[in-house]
Amino acid sequence: MDILLLTVGKTTQQYVQSGIDEYIKRLRRYIPYKIECIADIKGSKALTADIIKEKEGEQILSNLSPSDFCILLDEHGKEFTSMQFAGHLQKIMSSGRKRAVFIVGGPYGFSQAVYARADQMLSLSKMTFTHEMIRLFFTEQVYRAMTILRGEPYHHE
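This text gives an overview of the structure that appears in the document. (Residues numbered from 1 in each chain as written. Predicted model: local features only at pLDDT ≥ 70, side-chain atom pairs only at ≥ 80, totals over all residues. Heavy atoms only, no water.)

1. Overview of the environment of Ala86
Here is step 1: Along the chain, the position of Ala86 falls in helix H3 (residues 82-93).
Here is step 2: Not counting chain neighbours up to four residues away, the residues in contact with Ala86 comprise Ala145, Ile148 and Leu149. (Helix = DSSP H or I, 4+ residues; strand = E, 2+ residues; numbered from the N terminus. Contact = heavy atoms within 4.5 Å.)

Okay, structure coming up:
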């Protein structure tokens, strides 16, 4: 199975990108993992939050195939410990789907069409983080999950 992290907007902070790059490099020995960015909506200052969500939603949905297992990273999603997430990720990988797509929306969240397409919602924390930091945290958690599933000594209980 391939894992794709689909995000709205680019990572602009170099220190965040350096961390992401490090964990992607580490993940290569476990699973195909990629991050794709959808461009920010142009002229968004003149648009309402609902219109921005709709336009972002159209772009998100156009990047999904019908067979993708789609998980939204959303504040209202289910929370897991790292051990639980590893087990959950194992179930997703065993589902027979070719690709799991985890999605980080824009600053206003997701459109109703994207919520309707989602197979699951996942929350990384009850706290609020920047969308850029979520990319780093999530990528690290996927790496952590892989080491847990392999019984490697990265994670400590």
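2. A few points about the packing of H3 against helix H5 (residues 131-149)
Here is step 1: Here H3 crosses H5 at 80°, and the two axes come no closer than 9 Å. On the basis of their axis angle, the class for H3 and H5 is roughly perpendicular. Residue-level contacts link Ser82, Met83, Phe85, Ala86, Leu89, Gln90 and Met93 of H3 to Phe138, Gln141, Val142, Arg144, Ala145, Met146, Ile148 and Leu149 of H5.
Here is step 2: A breakdown of the residues in the contact of H3 with H5 according to their chemical character gives 11 nonpolar, 3 polar and 1 charged. (Axes fitted to C-alpha atoms, helices over the stretch in contact; angles between N-to-C directions. Parallel < 35°, antiparallel > 145°, perpendicular 65-115°, else oblique. Nonpolar A, V, L, I, M, F, W, Y, C, P; charged D, E, K, R; others polar.)

3. Focus: the environment of Val8
Here is step 1: In this structure, Val8 sits in strand E1 (residues 2-8).
Here is step 2: As for Val8 and Glu56, which are separated by 48 residues in sequence, their C-alpha atoms are 7.4 Å apart.
Here is step 3: Contacts of Val8, omitting those with residues within four sequence positions, involve Ile38, Asp40, Glu56, Ile60, Val104, Gly105, Gly106 and Arg135.

4. Points about the pattern of salt bridges
Here is step 1: For the structure on display, the rule yields 9 salt bridges.
Here is step 2: Here Arg99 and Asp68 are joined by a salt bridge, their closest N and O atoms 2.6 Å apart. With a gap of 31 residues between them, Arg99 in strand E4 (residues 99-104) and Asp68 in the loop between helix H2 (49-62) and strand E3 (69-79) connect regions that are remote in the sequence.
Here is step 3: Assessed through its relative accessible area of 21%, Arg99 is described here as partly exposed.
Here is step 4: According to the relative accessible area criterion, Asp68 is buried, its value standing at 2%.
Here is step 5: The salt bridge involving Arg97 is made with Asp119; its shortest N-O contact spans 3.7 Å. (Salt bridge = Lys/Arg side-chain N within 4 Å of Asp/Glu carboxyl O. Buried < 20%, exposed > 50% of the residue type's maximum accessible area, 1.4 Å probe, protein only.)

5. Details of the pairing of E4
Here is step 1: In terms of residue burial, E4 counts as a mostly covered element, since 5 of its 6 residues are buried.
Here is step 2: Relative to E4, E3 runs parallel, the two sharing 5 bridges. From the neighbouring strand, Leu73 faces E4, where its bridge partner is Val104. (Pairing = 2+ DSSP bridges.)

6. Here's the deal with the packing of aromatic side chains
The relation between two aromatic rings is expressed through the spacing of the ring centres and the mutual angle of the planes.
Here is step 1: Counted according to the given criterion, the structure contains 7 aromatic pairs.
Here is step 2: Arranged with centres 4.7 Å apart and planes meeting at 45°, the rings of Phe102 and Phe138 form a pair that is tilted. Of this pair, Phe102 sits in strand E4 while Phe138 sits in helix H5; the two residues are 36 residues apart in sequence, bridging distant segments of the chain. Considered together, Phe102 and Phe138 belong to a single accessibility category, that of buried residues.
Here is step 3: On the basis of an interplanar angle of 75° and a centroid distance of 4.8 Å, the ring pair of Tyr143 and Tyr154 is categorised as edge-to-face. Residue Tyr143 is found in helix H5, and its partner Tyr154 is found in the segment after H5; the two are separated by 11 residues along the sequence.
Here is step 4: By relative accessible area, Tyr143 is classed as buried at 9%.
Here is step 5: Here the aromatic residues Tyr23, Tyr30, Tyr143 and Tyr154 are joined through ring pairs into a cluster of three or more. (Phe/Tyr/Trp six-rings, centres within 6.5 Å; stacked < 30°, edge-to-face > 60°.)

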